[in-house]
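So the chains spell out like this:
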Amino acid sequence: MIIVLKPDQKQELIDSFVERLTGRYDVQVNTWVGAHSTVLGLIGDTTVIDGEYIEAQDFVESVKRVQEPYKKANRKFHPGDTV
């Protein structure tokens, strides 16, 4: 999961948010600080994370799932019909 934060967020807010993510969801968070925004990359089981809740935070610009839940059961992984 990739979380893009809005520009000019305070480091204390980012650290607090990362701490909540790692504590609540047991994921590892990589942080990249760019010229215009900060990007958080979550590593681990992100299927339990409610992306809409994360995106509703006023300091979050967007949330993107890198991996779809139930990927082994969907048509991308297994395109043929099953019996």
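Check the entry above for the structure.
These numbers were taken from a predicted model, which means no experiment stands behind them.

Re the pairing of strand S3 (residues 38-43)
Inference 1: Two strands pair when backbone bridges link them, and strand S1 (residues 2-5) and S3 are joined in this way by 4 bridges, in the antiparallel orientation. Paired with Ile2 across the bridge in S3 is Gly41.
Inference 2: In this sheet, S3 lies alongside strand S2 (residues 28-33) in antiparallel orientation, the contact comprising 6 bridges. Among the inter-strand pairings, Trp32 is bridged to a residue of S3, identified as Val39.
Inference 3: The antiparallel pairing of S2 with S3 creates a hairpin that spans 4 residues between the two strands.

Some words on empty space enclosed by the protein
Gaps left between atoms are located by rolling a probe of water-molecule size over the structure's atoms.
Inference 1: Per the stated rule, a full pass over the model turns up 1 cavity of 30 Å³ or more.
Inference 2: If you add up the space inside the largest cavity, you get close to 70 Å³.
Inference 3: Lining the largest cavity, in full, are Phe17, Arg20, Leu21, Arg24, Tyr25, Tyr53, Ile54 and Gln57.
Inference 4: Of all the secondary-structure elements, those providing two or more residues to the lining of the largest cavity are helix H1 (11-25) and helix H2 (51-55).
Inference 5: Take the lining of the largest cavity: its biggest share by element is 5 residues, from H1.
Inference 6: Residue composition of the lining of the largest cavity, grouped by class: 5 nonpolar, 1 polar and 2 charged.

Quick word on the side chain of Thr46
Inference 1: With respect to the secondary-structure elements, Thr46 resides in the loop between S3 and H2.
Inference 2: Ignoring sequence-local partners within four residues, the contact set of Thr46 consists of Met1, Val27 and Arg65.

Some points on the pairing of S1
Inference 1: The pairing of S1 with strand S4 (residues 60-64) spans 4 bridges and is classified as antiparallel. If you follow Leu5 over to S4, its bridge partner there is Val60.

What to know about H1
Inference 1: Between its terminal C-alpha atoms H1 stretches 21 Å, which fits the 21 Å expected from 15 residues at 1.5 Å a residue.
Inference 2: Taken residue by residue, H1 has Ile14, Phe17, Val18, Leu21 and Tyr25 as its buried positions. The arc that holds every buried residue of H1, seen down its axis, measures 100 degrees, which confines them to one face. Along H1, the residues that are exposed and aim more than 90 degrees away from the buried face are Glu12, Glu19, Gly23 and Arg24.
Inference 3: In this fold, the buried residues of H1 make contact with S1, S2, S3, H2 and S4.

Calculation rules
Residues numbered from 1 in each chain as written. Predicted model: local features only at pLDDT ≥ 70, side-chain atom pairs only at ≥ 80, totals over all residues. Heavy atoms only, no water. Pairing = 2+ DSSP bridges. Helix = DSSP H or I, 4+ residues; strand = E, 2+ residues; numbered from the N terminus. 1 Å grid on protein atoms, 1.4 Å probe; cavity = no way out; pocket = protein on both sides within 12 Å on 5 of 7 lines; lining within 4 Å. Points joined across faces, edges and corners; volume = space filled by probe spheres on them. Nonpolar A, V, L, I, M, F, W, Y, C, P; charged D, E, K, R; others polar. Contact = heavy atoms within 4.5 Å. Expected span 1.5 Å × (residues − 1). Buried < 20%, exposed > 50% of the residue type's maximum accessible area, 1.4 Å probe, protein only. Arc of directions from axis to C-beta.

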